[in-house]
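# Fold and contact review
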Amino acid sequence: MFLANPFTAALFVVAGAMLALAAYALRERAVPGATPFAGVTVGIVVWTAAHGLRVGTTDREIAVLLANVEWVGILLVAPAFLLFTLAYTGRKDRISSRALTVLAVQPVLTLTVLFTNASHGWFRTVEGFRPAGPGLSDLVVAHGPAYWASIGYVYLLVFLGSAILVKLAVAVPQLYRGRSSAVLLGVAVPWVGSVMTVLDVHPVPGLNAGPLAFAVSMVAFGVALFGQRLFSVLPVSRTVAADAVVERMAAGVIVLDAEGRITETNRAAEEVLRVADPVGQHIADVDADLAAVAEAEEMRKLLLEDDGGRERYFTVESEPMHRGDDLLVGRLLTLQDVTDRVLREQRLNVLNRVLRHNVRHETNIILGHGDLIEPTVDDAGVPHLDAMLDAADQLVDWSDRARYVERALDDTEVERRDIAVGPTVDSAAERVQERYPDASVFTPASANERVLGHSTLEWALFELIENGVEHTDDPYPSVAVDVESTPRSVTITVSDRGPGIPPAERQVLENGEETPLEHGSGLGLWLVNWTVRSAGGDISFAVNDPEGTKVHITLPRAN
C-alpha cells in the first residue's frame, strides 16, 4: 500500500524531467560527454523515483527493496559523472576499456552485497519501520562496513569529477564558464543533501534531502543544456588551444624536466629526434649536441639530420623554467629550421665575394692601362679617358664601401649600444675634412647627449656630411651639424647648401626598398637607413632655407 503525499509527487516530477534530459542528451551522443551525461540523468531518475515510492510505502519489505534500487541509481550517477567530466573536458583518451572495468568493479560488488544483505548484514541492519512525516514512512537502519566503503567510493568519484569541472571553469574563457558552473551546481547541491542524509539530518522526517535537491539539479541542467548550449559548442580551454598551437608549430619544441629527461615534444621536434618514443628518455641519450645546448641554456646553430636522413641547420635555444623565484623545474628547447636561410646566405656571400673581387680586380686593370696610355692620347681623347678613369675610381670606391658595409652590418643581432654623440660627430667631420680640405664642416661646440644606436653611426654621419660636400657646385662647400635633444630622443641634423640628396635617392630611403624604375646608386645612403632603422630611430628631410637640404636623424636617448 502507498500513502499519497506531495513529496512523492514532487520527486516523480523531477524524475520525469530528468528522463527528458536524458533523452535529449542521447540525441547528442556524437558530442563528447553526451552519453555519460545521459547516464547521470538516468541514475538520477532511478534514485529519485525509487525514493519517492519508498517514502510512500507502508510495506517494510517493499521499502527495503526500493532502498536497494536507490543504490542502483546512486552507483550509476557517480561513475557516469566522472566519465562525463573526462570526456567533456577533452580527456577522452583516459576513458579506456580498462578504466571502465575498474570503475565497474566496486558498483558490481556493492550491488551484490546489497541484494544479499539479508544473509550477512554487511551493508545494513534494518532495526525498524515507522511512520515519519505527513504521509511518509521511514526505515530505521544501522549501517555496516560495506555501506561506508560504498559512500567513500561514490564521494571520491564525485570529488574527482567536480575538481575537473572546477579546473575547466577556471581555465576556459569567460564565454564557457556558465555551462560548467551550471553542471557543477546541479551535482553539488544533491551531494550536499546526501551528506545530510549520512549525518542523519532530515528537513522532513523520513525524507532524504539528497533526492529532493535534484529539483535544483533539474533547473541547473536545463540551463546548461538549453541556456548555455552544453553540447552545441564544446569549450576550448587555454591548455587545449596551447597544445594545438604547439603541435602545429613549424618550430620543434622539447620540454625537459630538471634532470634532463624529455617530458613532452611536438611533431616537428620528433622529426629531428628520430626516436619512436622520446618521452621519458634523457636528452643526452637521444642527441648529445642538443644536451649540450640544454645545459648551456643559450642559442646555438646546429647541423642535424631529420627522420628522412637530410642534414638541416637549426637554431636551438634553451630556456630554463622556474617555479617561484629559483626552483628549476625544467628546460624548454626550441628548434627553428633555418636551412633555407643559411643556404641563401652562403650563396649570397659567395656571389658577393666573387663579384666584389672581380669588380675590383678588373677595375684596377682598367686604371693601370689608362695610366699607361694617358701620354699617348690626343687632346680630343683626354675627356673620354678622364671619364673612364673617374668611373673606374668610382667602382673601386663602391667596392671598398661594400666591403665596409658587409663587415659593419655582419652582426645579425644588431644590438644597440650607448654612444656619445659629440665625439662621434667630431670624428665623422674630421674624416670628411681630411678627404676634402677645401670644405668646411661646422659641428656643435659641445654635445654631451648619448643615444642608443648601432656601431655604424659614425660611418652613417660621414656619408651624410660627405654627400653634402660632394653634391654642390660651390668650390668651398660647407655643411653644418646640429644636435637637439628631448627627454626621450636626440636629433642630429646635417644641413648643406647644395641640391643635397637627389630626389630619387631620397625616395629610396623613405620607401625602404628599391624598384626596377627607382633605385639608388650609393651604398652609403643605404647604410644610413640601416643604421637608423636598426636602432629604432627615424629619418626625415626638410628644406634648408634659403637653399639646400636638411637631414634629420632621430635616435632614442640612452638612459
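Residues numbered from 1 in each chain as written. Predicted model: local features only at pLDDT ≥ 70, side-chain atom pairs only at ≥ 80, totals over all residues. Heavy atoms only, no water.

## Structural notes on the pairing of strand β14 (residues 549–556)
Cut-off, in case you're wondering: Throughout this description, buried means an accessible area under 20% of the type-specific maximum (1.4 Å probe, protein chains only), exposed means over 50%, and partly exposed covers the range between. Think of it this way: any DSSP run of H or I at least four residues long counts as a helix, any run of E at least two long counts as a strand, and we number them from the N terminus. Any two strands with at least two DSSP bridges between them are considered paired.
Counting buried positions along β14 yields 6 of 8 residues, so the element is predominantly enclosed. Here 7 bridges tie strand β12 (residues 489–496) to β14, and the two strands are oriented antiparallel to one another. Of the residues in β14, the one forming a bridge with Thr 491 is Thr 554. Relative to β14, strand β13 (residues 538–543) is paired through 6 bridges, and the arrangement is antiparallel. Looking at the pairing, Ser 540 lines up with His 552 of β14. A loop of 5 residues connects β13 with β14, the two strands running antiparallel in sequence, and Gly 548 in this loop sits at a positive phi of about 110 degrees.

## Some remarks on the environment of Val 479
Let me state the cut-off plainly: Two residues form a contact once any of their heavy atoms are found within 4.5 Å.
Along the chain, the position of Val 479 falls in strand β11 (residues 478–485). On the accessibility criterion, Val 479 (1% relative accessible area) is buried. In this structure, the C-alpha to C-alpha distance between Val 479 and Lys 550, residues 71 residues apart in sequence, is 9.9 Å. In this structure Val 479 touches Ser 440, Val 441, Phe 442, Ile 465, Gly 468, Val 469, Val 494, Ser 495 and Asp 496, once residues within four positions along its chain are discounted.

## Considering helix α12 (residues 288–296)
Note the following rule: The directions from the helix axis to the C-beta atoms form the arc being described. Pairing of N or O atoms within 3.5 Å defines a polar contact, subject to two protein rules: one partner must be a possible hydrogen donor and the other a possible acceptor, and residues neighboring in sequence count only if both atoms are side-chain atoms.
Of the positions making up α12, those classed as buried are Leu 290, Ala 291, Val 293 and Ala 294. Projection of α12 onto a plane perpendicular to its axis shows the buried side chains occupying an angular sector of 160 degrees, all on one side. Exposed and facing more than 90 degrees away from the buried side of α12 are Ala 288 and Glu 295. Of the residues that open α12, the one with a side-chain oxygen 2.9 Å from the backbone nitrogen of Asp 289 is Asp 287. Looking one or two residues beyond α12, the residue adopting positive phi is Glu 297, at roughly 50 degrees.

## Overview of a nonpolar patch on the surface
Selection rule: Each patch groups residues whose relative accessible area exceeds 30% and which form no salt bridge, using 9 Å between like charges and 5 Å between nonpolar side chains of Val, Leu, Ile, Met, Phe, Trp and Tyr. Per-residue accessibility takes into account occlusion by the displayed protein chains alone, with areas from the Shrake-Rupley method and a 1.4 Å probe. By definition here, a salt bridge exists when the distance from a side-chain nitrogen of Lys or Arg to a carboxyl oxygen of Asp or Glu is within 4 Å.
A surface patch of nonpolar side chains, amounting to about 250 Å² of accessible area, comprises Leu 65, Val 72 and Phe 115. Structurally, Val 72 is set in helix α3 (residues 60–88). Given the relative accessible area of 33%, Val 72 is considered partly exposed.

## Thoughts on the sheet that holds β11
Note the cut-off: Here an angle of 0 to 180 degrees is reported between the N-to-C directions of two axes, which are lines fitted to C-alpha atoms, with helices fitted over the stretch in contact.
Ordered by their spatial adjacency, 5 strands build an open sheet running β9-β11-β12-β14-β13, and the pairing between neighbours is mixed. Lying at the two open borders of the sheet, with one neighbouring strand each, are β9 (440–442) and β13. Taken pair by pair, the neighbouring strands of this sheet meet at an average axis angle of 15 degrees, ignoring direction. The sheet strands contacting helix α15 (residues 421–435) are β9, β11 and β12, and the helix crosses β9 at an angle near 175 degrees.

## Overview of the nonpolar core
One recurring pattern in soluble globular proteins: nonpolar side chains tend to sit buried together. Worth spelling out the cut-off: Nonpolar cores were defined as sets of buried Ala, Val, Leu, Ile, Met, Phe, Trp, Tyr and Cys residues, with membership established by side-chain atoms within 4.5 Å.
Membership of the largest hydrophobic core comes to 36 residues, with the highest contact counts inside it found for Trp 71, Phe 123 and Val 154. Of all the secondary-structure elements, those providing two or more residues to this core are α1 (6–27), α2 (34–56), α3, α4 (97–115) and α6 (145–171). Of the residues forming this core, the biggest block, 12 residues, is contributed by α3. The contacts of Trp 71, once residues within four sequence positions are left out, are Leu 111, Leu 114, Phe 123, Arg 124, Tyr 147, Ser 150, Ile 151 and Val 154. Judged by nonpolar contacts, the second largest core, of 32 residues, contains Val 451, Ile 465, Ala 535 and Ile 539.

## Some words on the packing of α2 against α3
Put simply, the rule is: Orientation is classified from the angle alone, with under 35 degrees giving roughly parallel, over 145 giving roughly antiparallel, 65 to 115 giving roughly perpendicular, and any other angle giving oblique. Should the near helix be turned anticlockwise from the far one by less than a right angle, the crossing is termed left-handed; should it be turned clockwise, right-handed. Residue polarity follows a fixed list, in which Ala, Val, Leu, Ile, Met, Phe, Trp, Tyr, Cys and Pro are nonpolar, Asp, Glu, Lys and Arg are charged, and the others, Gly among them, are polar.
Axis separation between α2 and α3 bottoms out at 7 Å; the angle between their running directions is 160 degrees. Accordingly, the angle class assigned to the pair α2 and α3 is roughly antiparallel. Note that α2 runs across α3; the crossing there is left-handed. Among the residues making up the contact of α2 with α3, the classes are represented as 21 nonpolar, 4 polar and 2 charged.

## What to know about the confidence of the model for the chain
Do not read the predicted coordinates in detail wherever pLDDT is low. Going by this rule: pLDDT gives the predictor's per-residue confidence on a scale running from 0 to 100.
Here the chain averages 76 in pLDDT, and 71% of its residues register 70 or above. Long-range and interchain partners of residues 233–238, a stretch whose pLDDT sits below 50, account for 24 contacts in this model, where long-range means more than four residues apart. Segment residues 514–520 is flagged for pLDDT under 50; beyond a separation of four residues in sequence, or across chains, it makes 10 contacts in the model.

## Details of α3
Worth spelling out the cut-off: Expected span of a helix, by definition, is 1.5 Å for each gap between consecutive residues, and there is one gap fewer than residues.
Taking 1.5 Å of rise per residue, 29 residues should cover 42 Å, and α3 covers 42 Å from first to last C-alpha, within 8% of that figure. For α3, the N-terminal cap is Asp 59; the gap from its side-chain oxygen to the backbone nitrogen of Glu 61 is 2.9 Å.

## A closer look at the pattern of salt bridges
The final tally for this structure, using the stated rule, is 5 salt bridges. Note that Asp 418 is salt-bridged to Arg 450, the shortest N-O span being 2.7 Å. Separated by 32 residues along the polypeptide, Asp 418 in strand β8 (residues 417–420) and Arg 450 in strand β10 (residues 450–453) bring together distant segments of the chain. Here Arg 431 ties to Glu 458 by a salt bridge, and the two come within 3.8 Å at their closest N and O atoms. A residue pair is termed long-range when its members are at least 10 positions apart, and Arg 431 in helix α15 and Glu 458 in helix α16 (residues 457–470) qualify at 27 residues. Taking the relative accessible area as the measure of exposure, Arg 431 reaches 27% and is therefore partly exposed.

## Some thoughts on the packing of α15 against α16
Between α15 and α16, the least distance of the axes is 8 Å, while the angle of their chain directions is 45 degrees. As summarised for this structure, α15 and α16 are arranged oblique, according to the angle between their axes. The two elements α15 and α16 meet at a crossing, and its hand is right-handed. Residue-level inspection shows Thr 424, Val 425, Ser 427, Ala 428, Ala 429, Arg 431, Val 432 and Arg 435 of α15 in contact with α16, the latter providing Leu 457, Glu 458, Trp 459, Leu 461, Phe 462, Ile 465, Glu 466 and Val 469. The residue inventory of the contact of α15 with α16, partitioned by class, reads 10 nonpolar, 2 polar and 4 charged.

## Quick word on the packing of aromatic side chains
Short version of the rule: Planes of paired rings set the category: under 30 degrees apart is stacked, over 60 is edge-to-face and the rest tilted, where pairs are Phe, Tyr or Trp rings (Trp by its six-membered ring) whose centres lie within 6.5 Å.
Applying the stated rule across the entire model yields 6 aromatic pairs. Each ring, one from Trp 71 and one from Phe 123, has its centre 5.3 Å from the other, and the planes form 85 degrees; the classification is edge-to-face. One end of the pair, Trp 71, is in helix α3; the other, Phe 123, is in the loop between α5 (117–120) and β1 (124–131), and 52 residues separate them in sequence. For Phe 123, a relative accessible area of 1% puts it in the buried group.

## Section: a negative patch on the surface
Applied cut-off: Under the convention used here, Asp and Glu are negative, Lys and Arg are positive, and both His and the chain ends fall outside the count. By convention, charge coordinates are those of NZ in Lys, CZ in Arg, CG in Asp, or CD in Glu.
There is a patch of like negative charges on the surface, built from Asp 371, Glu 374, Asp 386, Asp 390 and Asp 393. The residue Asp 371 is located in helix α13 (residues 339–373) in this model. A relative accessible area of 49% places Asp 371 in the partly exposed class.

## Considerations on the side chain of Asp 257
Checked against the element boundaries, Asp 257 lands in strand β3 (residues 252–257). A polar contact of 2.9 Å, which involves the side chain of Asp 257, links it to the backbone nitrogen of Gly 260. A polar contact is formed between the side chain of Asp 257 and the backbone nitrogen of Arg 261, at a distance of 2.8 Å. Apart from the residues within four sequence positions on either side, Asp 257 is in contact with Thr 263, Val 329, Gly 330 and Arg 331.

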